[in-house]
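# Tertiary structure, described
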Amino acid sequence: MDAQENPLSDAAALPDLEPATRRIAALLGQVDDSRLDGPTPCPDYAVRELLGHLAGLATAFRDAARKDLGASTAVSPDAALPVLDDDWREVLPRRLQEVTAAWRSPDAWTGMTRAGGVELPGEVAGAVALNELVVHGWDLARSTGQPYAAGEAELRSCEALLAPAEDGPKDSPEGGPDDSPEDGSNGDSLFGPPVPVPDDAPLLDRVIGLAGRRPDWRPGG
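For the protein, mean pLDDT is 86; residues scoring 70 or higher make up 82% of the total. In the model, residues 166-172 has pLDDT below 50 throughout and makes 13 contacts with residues more than four positions away in sequence or in other chains.

So this is what it looks like as structure tokens:
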């Protein structure tokens, strides 16, 4: 396949992480310290751990895009509870900008890379990064009582990635059909077994259900 035939050779055709990272950055401004110990749709995470996870995944997928395969890309996301650094209000928005910029390079989407200790093609890693940002952005919005919406192109990418195993194997550092236990769950506290959602539900709700969340989740609900 020559460059003209490869859709990843056209930077304009590459998925853009900026809408997802921009939404998360906007949500951060409404997260005061009183919310940090509140619950999230991730059962093992309070808001502070969710924010720590966002900071860690932004760093890991930034480095995955750059093919800088060091410590940040080597550790599974469920190896330990994330720790939220005191300077997160300055660091996390910067990390979100960095991961956006890194995945704007066509080279990020080619060859092999690593994230969460999993070796995977660049184009898959980019799709996983987008899914992480979209789903955990929803987690943060729900946990802090804020509205959330995502674009159709982003949601279609997430839907394809999270589709059941019979729709095709997926490699994912968050777990997936390739490394699922026999009970069908993905073995990850962040993305659990799919939650049934009506076929005519909004696309966002269907994606959230595929990610193991109840679309009607609320703190204390």
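That was the structure; now back to the text.
Let us look at the packing of helix H4 (residues 122-143) against helix H5 (residues 152-162). Two numbers describe how H4 lies on H5: the axes approach to 9 Å, and their chain directions differ by 110°. Relative to H5, the element H4 is oriented roughly perpendicular. Regarding H4 and H5, the two cross each other, and that crossing is left-handed. Contact with H4, carried on its side by Ala127, Val128, Leu130, Asn131 and Val134, involves Glu154, Leu155, Ser157, Cys158, Leu161 and Leu162 of H5 and no other residues of that element.

One non-glycine residue with positive phi stands out, namely lysine 67, at about 60°. Mapped onto the elements of the fold, lysine 67 is located in the loop between helix H2 (47-66) and helix H3 (88-102).

So, about the pairing of strand E1 (residues 112-115). As judged from the 4 bridges shared by E1 and strand E2 (residues 118-121), these two strands associate in the antiparallel manner. Directly across from arginine 114, in E2, lies its bridge partner glutamate 119. What sits between the antiparallel neighbours E1 and E2 is a turn of 2 residues, in which glycine 116 has the positive phi angle 60°.

For the rest of this paragraph, the subject is H4. The α-helix advances 3.6 residues per turn, and as a result positions three or four apart in sequence lie on the same side. Taking 1.5 Å per residue, 22 residues should reach 32 Å; H4 reaches 31 Å between its end C-alpha atoms and fits that length. Most of H4 is tucked away: 20 of the 22 residues are buried. Just beyond H4, the residue with positive phi is glycine 145, at close to 70°.

Using the criterion set out here, one finds 1 aromatic pair in the structure. Pairing tryptophan 103 with tryptophan 109 gives two aromatic rings, centres 5.0 Å apart and planes at 70°, and the pair type is edge-to-face. Judged by relative accessible area, tryptophan 103 falls into the buried class, the value being 1%.

What follows concerns the environment of alanine 127. One can find alanine 127 in helix H4. Residues alanine 127 and proline 15 lie 112 residues apart in sequence; the distance between their C-alpha atoms is 8.1 Å.

Quick look at the pattern of salt bridges now. The tally for this structure, following the rule as stated, stands at 14 salt bridges. Between arginine 104 and glutamate 18 there is a salt bridge, with the nearest N and O atoms lying 2.3 Å from each other. Here arginine 104, found in the loop between H3 and E1, pairs with glutamate 18, found in helix H1 (residues 18-28); they are 86 residues apart in sequence, far enough to count as distant. Residue classification places glutamate 18 among the partly exposed residues on the basis of a relative accessible area of 30%. Salt bridges sharing partners connect three or more residues here, namely Asp16, Glu18, Arg22 and Arg104.

Analysis parameters
- Residues numbered from 1 in each chain as written.
- Predicted model: local features only at pLDDT ≥ 70, side-chain atom pairs only at ≥ 80, totals over all residues.
- Heavy atoms only, no water.
- pLDDT = per-residue confidence, 0-100.
- Contact = heavy atoms within 4.5 Å.
- Axes fitted to C-alpha atoms, helices over the stretch in contact; angles between N-to-C directions.
- Helix = DSSP H or I, 4+ residues; strand = E, 2+ residues; numbered from the N terminus.
- Parallel < 35°, antiparallel > 145°, perpendicular 65-115°, else oblique.
- Left-handed = near helix turned anticlockwise from the far one by under 90°.
- Pairing = 2+ DSSP bridges.
- Expected span 1.5 Å × (residues − 1).
- Buried < 20%, exposed > 50% of the residue type's maximum accessible area, 1.4 Å probe, protein only.
- Phe/Tyr/Trp six-rings, centres within 6.5 Å; stacked < 30°, edge-to-face > 60°.
- Salt bridge = Lys/Arg side-chain N within 4 Å of Asp/Glu carboxyl O.

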